[in-house]
Amino acid sequence: EQIVLGKKPEFLSDSFKSEKVIEIQPVGTNGINIVWEWLFVDHLIQDYDNTKSNYGNVVMHPELVDFNYNETGFNHSDWLHMNSIDYNPQLDQIILSARTLGELYIIDHSTTTAEAASHTGGNQNKGGDILWRWGNPQVYRQGTATDQKLFQQHDAKWITEGYVNENKVTVFNNNSDGTGTFSSIHIIAPTLDATNAYELENDKFSPSDFFWSWSGEILGETMYQFNKSGVNALENGNILICETKKGRLTEISPNGDIAWIYRNPVGRAIHDQFATDADIFNDNNSMFRGEKYPKTDVAFIGRDLTPGDILEDVNSLSESCNSLSVIDFDTENNNLSFNNPVLNNKIIFHQELENTSISIYNALGKVVFKTNSFSGKQIELANFSPGIHFIKFVKEGKVSIEKALIK
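Residues numbered from 1 in each chain as written. Predicted model: local features only at pLDDT ≥ 70, side-chain atom pairs only at ≥ 80, totals over all residues. Heavy atoms only, no water.

Draft legend 1. Structural view of the overall build of the chain. Counting its secondary structure elements, the chain contains three helices and 24 strands. Across the chain, the fraction of contacts at a sequence separation of at least 24, relative to all contacts at a separation of at least 6, is 52%. Carbon together with sulfur atoms contributes 48% to the accessible area of the chain, which is approximately 21400 Å² in total. (Helix = DSSP H or I, 4+ residues; strand = E, 2+ residues; numbered from the N terminus. Contact = heavy atoms within 4.5 Å. Areas by Shrake-Rupley, 256 points an atom, 1.4 Å probe, with all protein chains shown as cover.)

So, in structure tokens, the structure goes:
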């Protein structure tokens, strides 16, 4: 089958994986009807074997994928490795992420299945051919290795209509610059011309670079996830990052400030007495994806959103984890403001506190300081590690939690 598609003999693999997209209609409780189908093999080009039907000039056909693309160490058996799919109902288009090739693809969903296997038909009259591709123009022979933007990326999807940066594309770039040292997250802004087709500039699909990018530290450690992971744009413009191997969700603002961190508290090693911190927080509580929905989401209409039971089995951290979800009092009107960041291991309040219970938690939710009845204007800390902490105040039955940076 690979030879029929024009594969060079030196690139043949004993096993070969290709990809397809199907739209299904559920039937009963365990059946389906396939109502639409798109196959990658219908949209290949090669310039090796002129006896094959897909023979052609690769440079002249960026809407097709070179079946003989090759680079050092390229995995020809798993040459696509599609790892995400998203649908845009306004455009009636689908976006796919091909990890191995380092490319994103947009295809037309308005076609029939027959048109999806051809090069004509649909809203763009291009059948199932690629409408837009981005991340590694080397694959269609435009540019060099320095032009590659995506490396082993995951979770490409459109930003929801009505959100900040709506209809742009987010992606988690696992091997950010190909060096295997850090990951990054990006927003990409595909551009349409007057005919509603995706623009090319100097024979490359636009844009020439990312619209927005972030790569940095979370809790003092450079973000790097070599596989899986994901990213979601939130309604207010913030970005939610999922680090799979760490089982961690982090929300950041557009300028890179960390707004919220959550670590998955369940996994096969969580209660293993022999498990190390690395086991618990770097692997065995891993999660593939994470998404955050606003309280106004239609799924929550008529639902009780009162916080319920804790997720994990009861353990020494359970009470702390549970209480951290309660916020019901106004810090500005209760004199709880303090110098932030905290310097010289001293929390200095702007006004005197009276009979206030104070607990301090590190980023993992562990209590590192507690006093049941504090009165005064200053707390001296001992042996605190620098970083983000959370200070919980309880007075007269009301609770507030403030984030503090201890330097």
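Draft legend 2. Here's a closer look at the environment of Phe390. Position of Phe390 relative to the elements: it lies in strand β23 (residues 387-395). Overall, Phe390 belongs to the partly exposed group, its relative accessible area being 24%. Between the C-alpha atoms of Phe390 and Ala404, which are 14 residues apart in sequence, the distance is 5.9 Å. (Buried < 20%, exposed > 50% of the residue type's maximum accessible area, 1.4 Å probe, protein only.)

Draft legend 3. Region of interest: the pairing of strand β19 (residues 248-252). Counting buried positions over the five residues of β19 gives five, a clear majority of the element. Residues Arg248, Thr250 and Ile252 line one face of β19 and the alternating positions Leu249 and Glu251 line the opposite face, and both faces are buried. In this structure, strand β18 (residues 239-243) lies alongside β19, joined through five bridges in antiparallel fashion. If you follow Glu243 over to β19, its bridge partner there is Arg248. Hairpin connection between β18 and β19: a loop of four residues separates the two successive antiparallel strands, and Gly247 in this loop has a positive phi of roughly 60°. Bridge analysis of β19 against strand β20 (residues 258-263) gives five bridges, and the strand direction is antiparallel. Following the sheet pairing, Ile252 is matched in β20 by Ile258. (Pairing = 2+ DSSP bridges.)

Draft legend 4. View of the layout of surface pockets. Of the voids in this model, the second largest pocket is the one considered here, and its volume is about 380 Å³. Lining the second largest pocket are 21 residues; nearest its centre among them are Trp158, Thr160, Tyr163, Ala233 and Glu291. At the level of elements, β5 (82-88), β9 (154-158) and β17 (230-233) are the ones that each hand at least two residues to the lining of the second largest pocket. Residue contributions to the lining of the second largest pocket peak at three residues, all from β5. For the lining of the second largest pocket, the residue count by class is nine nonpolar, six polar and six charged. (1 Å grid on protein atoms, 1.4 Å probe; cavity = no way out; pocket = protein on both sides within 12 Å on 5 of 7 lines; lining within 4 Å. Points joined across faces, edges and corners; volume = space filled by probe spheres on them. Nonpolar A, V, L, I, M, F, W, Y, C, P; charged D, E, K, R; others polar.)

Draft legend 5. Representation of empty space enclosed by the protein in the model. Applying the stated criterion to the full structure yields one cavity of 30 Å³ or more. The volume enclosed by the largest cavity comes to roughly 30 Å³. Looking at the lining of the largest cavity, the elements that each hand over two or more residues are β20 and β23. It is β20 that contributes the most residues to the lining of the largest cavity, four residues altogether. Split by residue class, the lining of the largest cavity holds six nonpolar, no polar and one charged.

Draft legend 6. Up close: the sheet that holds strand β21 (residues 346-361). Taken in spatial order, the four strands of this open sheet run β22-β21-β23-β24, and their pairing is antiparallel. The sheet is open, and its two borders are formed by β22 (367-380) and β24 (398-406), each paired with just one other strand. Averaged over all pairs of adjacent strands, the angle between strand axes in this sheet comes to 40°, irrespective of strand direction. Bridge count for β21 against β23 is five bridges, and the pairing is antiparallel. For Ile358, the partnering residue across the bridge sits in β23 and is Phe393. (Axes fitted to C-alpha atoms, helices over the stretch in contact; angles between N-to-C directions.)

Draft legend 7. Region of interest: the sheet that holds strand β7 (residues 103-108). Read across the sheet, four strands follow the order β5-β6-β7-β8 without closing on themselves; strand pairing throughout is antiparallel. If you trace the sheet from one side to the other, it starts and ends with β5 and β8 (132-134), each paired once. Each adjacent strand pair in this sheet contributes to an overall mean axis angle of 15°, direction not counted. By the bridge criterion, six bridges tie strand β6 (residues 93-98) to β7 in an arrangement that is antiparallel. Each bridged residue has a counterpart across the sheet, and for Ile94 the counterpart in β7 is Ile107.

Draft legend 8. Quick look at unusual backbone geometry. Cis geometry is adopted by the peptide bond preceding Pro207, which originates at Ser206 and carries an omega value of 5°. Position of Pro207 relative to the elements: it lies in the loop between β13 (204-205) and β14 (212-214). Residue Pro341 is reached from Asn340 by a cis peptide bond, and omega for that bond is 15°. Its place among the elements puts Pro341 in the loop between α3 (318-323) and β21. Located in the positive-phi region is Leu219, a residue other than glycine, with phi close to 55°. Classification of Leu219 as partly exposed rests on a relative accessible area of 35%.

Draft legend 9. A look at the packing of aromatic side chains. Applying the stated rule across the entire model yields 14 aromatic pairs. Between Trp38 and Phe40 the ring centres are 5.5 Å apart and the planes differ by 80°, which places this aromatic pair in the edge-to-face class. Among the aromatic residues, those joined into a ring-pair cluster are Phe16, Trp38, Phe40, Phe67, Trp79 and Tyr105. Here the basic side chain of Lys168 rests over the ring of Phe211, its NZ or CZ set 4.7 Å away from the ring centre. One Lys or Arg, Lys292, reaches over the ring of Trp260 and ends 5.4 Å from the middle of that ring. (Phe/Tyr/Trp six-rings, centres within 6.5 Å; stacked < 30°, edge-to-face > 60°. Lys NZ or Arg CZ within 6 Å of the ring centre and 35° of its normal.)

Draft legend 10. Looking closely at the pairing of β6. In terms of burial, β6 is largely enclosed, as six of its six residues are buried. Residues of β6 alternate between two faces, with Gln93, Ile95 and Ser97 on one and Ile94, Leu96 and Ala98 on the opposite face, all of them buried. Where β5 meets β6, six bridges bridge the pair, whose relative direction is antiparallel. Bridge assignment links Ile85 to a residue of β6, and that residue is Leu96. Count of turn residues in the β5/β6 antiparallel hairpin: four residues, of which Asp92 carries a positive phi of about 55°.

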